[in-house]
Amino acid sequence: MVEGGRKLHELGAQLGLQRHALHAAALTLPHPKTGAEVQFTAPWPDELAAILAP
């Protein structure tokens, strides 16, 4: 349940999503061998950007 008790599939249908609306714009993790910080970035997926568009 989300947002006032609405079911996930109802909210997904309203937003036009067929998946979770979870996205990490950037992640910083330690390299498993060196321990140096490694950063990964990714743009918003089109279907999530469409929800945020004015």
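Anyway, here's the lowdown on the structure attached to this text. What you see as residue numbers is a count from 1 along each chain, following the sequence as written. Restriction of local features to residues with pLDDT of at least 70 applies here, the model being predicted, together with a cutoff of 80 or more for giving and counting side-chain atom pairs; totals for whole chains, interfaces and linings are based on all residues. For side-chain calculations, the full set of non-hydrogen atoms in the structure is used, while hydrogens and water are omitted.

Quick look at the overall build of the protein chain now. Secondary structure elements are defined from DSSP: runs of H or I of at least 4 residues count as helices, runs of E of at least 2 residues count as strands, and each element is numbered from the N terminus. Secondary structure summary: the protein chain contains two helices and two strands in total. Listing each helix as α and each strand as β along the protein chain from the N terminus yields α-β-β-α. Exposure categories follow from relative accessible area, calculated using a 1.4 Å probe and restricted to protein chains: below 20% of the type maximum is buried, above 50% is exposed, and the middle band is partly exposed. When the 54 residues of the protein chain are sorted by exposure, 7% land in the buried category. Here the analysis covers contacts within the protein chain between residues at least 6 apart in sequence; of these, 26% occur between residues at least 24 apart. Total accessible area computed for the protein chain in this model is approximately 4,700 Å², and 60% of it derives from carbon and sulfur atoms. Note on definitions: a residue-residue contact is assigned when non-hydrogen atoms from the two residues lie within 4.5 Å. With residues, only the protein chains shown are counted as cover, and all accessible areas are computed by Shrake-Rupley using a 1.4 Å probe.

In this section: a nonpolar patch on the surface. Here, patches come from residues exposed beyond 30% relative accessible area and free of salt bridges, joined within 9 Å for like charges and within 5 Å for nonpolar side chains (Val, Leu, Ile, Met, Phe, Trp, Tyr). Salt bridges are defined by distance alone: a side-chain nitrogen of Lys or Arg within 4 Å of a carboxyl oxygen of Asp or Glu. Where nonpolar side chains cluster on the molecular surface, the patch consists of Leu15, Trp44, Ile51 and Leu52 and spans about 380 Å² of accessible area. Position of Leu52 among the secondary structure elements: in helix α2 (residues 46–52).

The next thing to look at is the environment of Gly16. Mapped onto the fold, Gly16 is located in the loop between α1 (8–15) and β1 (26–30). Given a relative accessible area of 53%, Gly16 falls into the exposed group. Taking C-alpha positions, Gly16 is 8.0 Å from Glu47, a pair spaced 31 residues apart along the chain.

Attention now moves to the pairing of β1. Here five bridges tie β1 to strand β2 (residues 37–41), and the two strands are oriented antiparallel to one another. The residue bridging Thr28 from the neighbouring strand is Gln39, located in β2. Where β1 folds back on β2, the antiparallel hairpin that results is connected by six residues, among which Gly35 adopts a positive phi of roughly 80°. Strand pairing is assigned whenever DSSP detects at least two bridges linking the two strands.

Once that is clear, we can look at the environment of Phe40. With respect to the element layout, Phe40 can be found in strand β2. Taking relative accessible area as the criterion, Phe40 reaches 49% and is therefore assigned partly exposed. For the pair formed by Phe40 and Ala25, sequence separation is 15 residues and the distance between their alpha carbons is 8.3 Å.

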